[in-house]
Structure formats: C-alpha cells, structure tokens
Amino acid sequence: GIFQTDSSGAALHVNPKMAEIVGAESPEAAIAEFRDVARDLYADPRRRTEFLELLRRDGKVEDFEYEAVTRTGQRRWIIMNAIISKVRPDGSFVIDGFADDVTARKTAQHTVVEQQVQARMLFDQAPIGMLLVDTHHAILEANPAAVRMLSNGSKRLVGRGLAEFLTRASASLVTETVCSSKPWA
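Basis of the calculations
- Residues numbered from 1 in each chain as written.
- Predicted model: local features only at pLDDT ≥ 70, side-chain atom pairs only at ≥ 80, totals over all residues.
- Heavy atoms only, no water.
- Helix = DSSP H or I, 4+ residues; strand = E, 2+ residues; numbered from the N terminus.
- Buried < 20%, exposed > 50% of the residue type's maximum accessible area, 1.4 Å probe, protein only.
- Areas by Shrake-Rupley, 256 points an atom, 1.4 Å probe, with all protein chains shown as cover.
- Pairing = 2+ DSSP bridges.
- 1 Å grid on protein atoms, 1.4 Å probe; cavity = no way out; pocket = protein on both sides within 12 Å on 5 of 7 lines; lining within 4 Å.
- Points joined across faces, edges and corners; volume = space filled by probe spheres on them.
- Nonpolar A, V, L, I, M, F, W, Y, C, P; charged D, E, K, R; others polar.
- Core = buried A, V, L, I, M, F, W, Y, C linked by side-chain atoms within 4.5 Å.
- Contact = heavy atoms within 4.5 Å.
- Expected span 1.5 Å × (residues − 1).
- Arc of directions from axis to C-beta.
- Phe/Tyr/Trp six-rings, centres within 6.5 Å; stacked < 30°, edge-to-face > 60°.

Assigned secondary structure in the protein chain consists of 7 helices and 7 strands. Listing every helix and strand of the protein chain by position from the N terminus yields β-β-α-α-α-α-β-β-β-α-β-β-α-α. Expressed as a percentage of its 185 residues, the buried residues of the protein chain come to 34%. Looking at the protein chain as shown, the accessible area adds up to about 11,600 Å², and 56% of this sits on carbon and sulfur atoms.

Here it is, written out as structure tokens:
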C-alpha cells in the first residue's frame, strides 16, 4: 500500500491497498480513523518513535518492520520503506512511503523457529544416541546419549570419523544408508 503521513502521526493519504492493510473500509475511513498512527496503529508506539528518528537521521527508512493493530483489533506485521518528502517551516515533515503486510511470512518464520527449538529439545533429550554427520561421515554433533554411549567419559566426538565407532559390518550399512538415503534396515 501507498501512504502519506506527517511527523505528528496524522494519515494524510492512503491508497485502497493501504486501507486494506490497516483494516479500514476505505482510504477515507483510514484517514479519518488514524489521527495519531503511533497510538492508533502501532502495537508498540516506541517503534513509531524509532521510525521517526531513523527518518530524521537518514531522510529515508528501508525495510522497517513493526507490528500493527488494525481497527478491528487484528494484529498484523507491516514492512515499509519511506522518505521525508517535505519539511514544513515549523520543522515537522511529510512522509511518503510504501508498505506491505508480511504477517504470513512472520508467522512462518515463528513456526520454523518453534520447530527448530522442538527438534533441538528432542535431539538433546532423546534416550537413544543420535549423531549428526557430514557427507564424509565426520561427526558434527552428538546428543548426550551418544556421548555416554561412544565416548567412555570423554565428550570429544565432534570432528571424529563415524567409522571409529562402528564394526566393519555396521560401517558398511551406515555408508550404504547415508549414501543412498534409504531408511535403516
């Protein structure tokens, strides 16, 4: 969406897409409803202050993300680029910018982080030994159960070759499975 606001927080112009992003029924409704965007739109008004400080310092802001609360109470993540387009005699200024709703991306990123945390917890707490190895079968990571099973008290498994811990028959099975991506037999 395209927008124009001023440094005091008044919405001066929004196009239909920007009105949709902020949850307004029309551009006119968005302009009427957002008299102070720091208070009326930003979930954390301090982010508006940061935005204005960046604009004052650099004259422009790129890829600035903030969480917004729409008129319907829905939370959305918005990313925007903006410039100071006019400085008024009193020192206030007009801001022209473009914004996009990136809520879906932020939600997906949050989901990935949660899954990584869960996978790490499962890896660390698994009662069976688990190893992460590279394509040359060097150990990159070992969970605590693997350290107990393979290291005889020494925690130094990382960097060692997997073959050091396997019989010839099991090394052959591991190599065949890892190289062919077949499940373990």
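The discussion continues.
In the sheet, strand 3 (residues 60-69) pairs with strand 4 (residues 75-87) via 8 bridges, with the strands oriented antiparallel. Note that in strand 4 the partner of lysine 60 across the bridge is isoleucine 83. Between the antiparallel neighbours strand 3 and strand 4 lie 5 residues, among them glycine 73 with a positive phi of about 90°. What sits between strand 4 and strand 5 (residues 93-101) in their antiparallel hairpin is a turn of 5 residues, with glycine 91 showing a positive phi close to 95°.

Taken as a whole and judged by the stated rule, the model has 1 cavity of 30 Å³ or more. There is about 150 Å³ of room inside the largest cavity. Among the secondary structure elements, those contributing two or more residues to the lining of the largest cavity are strand 1 (2-6) and strand 2 (11-14). By residue class, the composition of the lining of the largest cavity is 12 nonpolar, 1 polar and 1 charged.

Despite not being glycine, aspartate 63 shows a phi value in the positive range, around 55°. Take aspartate 63: its relative accessible area is 54%, and that puts it in the exposed class. Backbone geometry places histidine 137, a non-glycine residue, at a positive phi of 65°.

Before going further, it helps to examine the nonpolar core. One finds Phe3, Leu41, Tyr42, Phe51, Tyr66, Met80 and Ile95 to be the most contacted residues of the largest nonpolar core, which totals 27 residues. Only strand 2, helix 1 (16-21), helix 2 (27-33), helix 4 (45-58), strand 3, strand 4 and strand 5 provide two or more residues apiece to this core. Non-local contacts of tyrosine 42, meaning those with residues more than four positions away in its chain, are made with Val37, Arg47, Arg48, Phe51, Phe64, Tyr66, Glu67 and Met80.

With 14 residues, helix 4 ought to run about 20 Å at 1.5 Å a step, and its terminal C-alpha atoms sit 20 Å apart, in line with that. Residues of helix 4 that are buried: Arg48, Phe51, Leu52 and Leu55. The buried residues of helix 4 occupy one face: seen down the axis, they fall within an arc of 95°. Away from the buried face of helix 4 by more than 90 degrees, exposed residues Arg46 and Arg57 are located. Close packing links the buried residues of helix 4 with strand 1, helix 3 (37-40), strand 3, strand 4 and strand 5.

What follows deals with the packing of aromatic side chains. Under the defined criterion, the tally for this structure stands at 3 aromatic pairs. Ring centres 4.0 Å apart and planes at 10° place the aromatic pair tyrosine 42 and tyrosine 66 in the stacked group. In this pair, tyrosine 42 is assigned in the loop between helix 3 and helix 4 and tyrosine 66 in strand 3, connecting sequence segments 24 residues apart. Of the residues examined, tyrosine 66 reaches a relative accessible area of 3% and is grouped as buried. Pairing phenylalanine 64 with tyrosine 66 gives two aromatic rings, centres 6.4 Å apart and planes at 40°, and the pair type is tilted.

That's the geometry; what it means functionally is another story.
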